[in-house]
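Structural features, examined
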Amino acid sequence: DAERGRAIGTWAGASALTTASGPVLGGWLVDQWGWPAVFLLIPPLAALTIAIALWRVPASPAGSEERLDYPGALLLAGSLALLIYALVTPAAQWQKALLFSSALGLGAMFLWREWHSDAPMLPLGLFRSPAFSGANLMTLLLYCALNGALYFLPFNLIQVQGYSAVQAGAAFLPFSLILGFGSTFAGGLIRKFNPRLILTVGPLVAALGFFALALPGENTAFITGFLPGIVLIGIGMTLSVAPLTTVVMGSVDSRQAGTASGVNNTAARLAGVLAVAVLTAVAVGYFADALDNRLQQTGVPPGLIQQLSRHASQLAELQPPTGLSATATATIDRAIAGAYIDTFRVLLIICGALAAFSGLVAWLSLAKSGATGGENVP
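Everything in this summary refers to the structure shown in the same document. (Residues numbered from 1 in each chain as written. Predicted model: local features only at pLDDT ≥ 70, side-chain atom pairs only at ≥ 80, totals over all residues. Heavy atoms only, no water.)

To continue, consider the pattern of salt bridges. Taken as a whole and assessed by the stated rule, the structure comprises two salt bridges. In this structure, the salt-bridge partner of Asp69 is Arg113, at a minimum N-O distance of 3.0 Å. Linking Asp69 in the loop between helix H2 (42–56) and helix H3 (70–88) with Arg113 in helix H4 (residues 93–116), this pair joins segments that are 44 residues apart in sequence. Residue Asp69 is classed as buried on the basis of its relative accessible area, which comes to 7%. (Salt bridge = Lys/Arg side-chain N within 4 Å of Asp/Glu carboxyl O. Helix = DSSP H or I, 4+ residues; strand = E, 2+ residues; numbered from the N terminus. Buried < 20%, exposed > 50% of the residue type's maximum accessible area, 1.4 Å probe, protein only.)

Structure below.
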């Protein structure tokens, strides 16, 4: 227990350092052979992971009589699958409504099953702990902010600033390196400082980073424009990731550490889906209005404006129609870049607000004293 924070910090650091190579290597593959090539990375990495698991991961103790909740797992998986599909599919409104209703229905059945099961996959009593509930809500908000910003930033770097895919991937290296080398240190802080303070300060620093990323305009140098925000986000997430996971694990009985970790990981993954789906909807609407305003100010014919507006969902990847004069093409290109920068700023302000709110959740939900931020719950 005394070394749990540093252990989790080492795990988070290893994850961040290996993740740092992904955008760079993936960017190189995209530049060489196109985006489908990035999936070639998965089979050898999966095979290596399986080999390590078989070699080094110990089996569960023999004679364990713990039952697995297969019906609960199927209900939750079905609910989340329908929810995610409803968010990302371009279906009609009535179809989306049906998918959302079905997701809620399966979710309600899952909760009923867990409440009445003798061996639930997710003991609902865990959420009686303010530390456990607050830390998972923090995770949802903070990772919504992070995933949203990291999803839309490459569009800015590649389509507006003119970076290659490799350069855009390398732009994330400072973030990953700070998180990778700082996480073990941050994991040890939880033994010296109150986690409530750490998990309030960390998201607030990350929020400042998101706000800083909203400042650069077109043709902005990376070092003076984007690097400060990326560094602040890296510092804020370093102060948050390992202590947050430690609080989640420490707020439950050791027998339920696997369940607690699973809930927290699900919250983080679900946050990524929600961030991309919801922020994309915001981005498309705002980008369409911003583009219309800029095109009208430059005297572009109304018919051409309507033609471009119909493809506003392409965001910064939107291209002027072929056959236009060089002057008209350049005018539309500038309008598209400016509209995306306007949109990107709004999105990053939203991400900053989500991160700041996660810090507020930490301050309100975590205990004022104690190393784990909450009591163990049976």
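So that's the structure; there's more coming.
A separate point is the nonpolar core. Of all hydrophobic cores here, the largest spans 59 residues; its most connected members are Phe210, Phe287, Leu291 and Tyr340. Taken together, the elements giving at least two residues each to this core come down to helix H1 (4–33), helix H5 (130–160), helix H7 (173–189), helix H8 (195–213), helix H9 (222–250), helix H10 (257–297), helix H11 (302–309) and helix H12 (326–365). With twelve residues, H12 is the single largest residue contributor to this core. The residues contacting Tyr340, other than those within four sequence positions of it, are Phe152, Phe155, Asn156, Val160, Phe287, Leu315 and Ala316. Core analysis: the next-biggest nonpolar cluster, separate from the first, contains 20 residues, Met138, Leu141, Leu199 and Val247 among them. (Core = buried A, V, L, I, M, F, W, Y, C linked by side-chain atoms within 4.5 Å. Contact = heavy atoms within 4.5 Å.)

Moving on, we come to H7. Taking 1.5 Å of rise per residue, the 17 residues of H7 would be expected to cover 24 Å, and the 24 Å separating its terminal C-alpha atoms lies within 8% of that figure. Along H7, the sharpest change in direction is near 50° and occurs at Ser183. (Expected span 1.5 Å × (residues − 1). Bend = angle between axes of the 7 residues up to and from the residue.)

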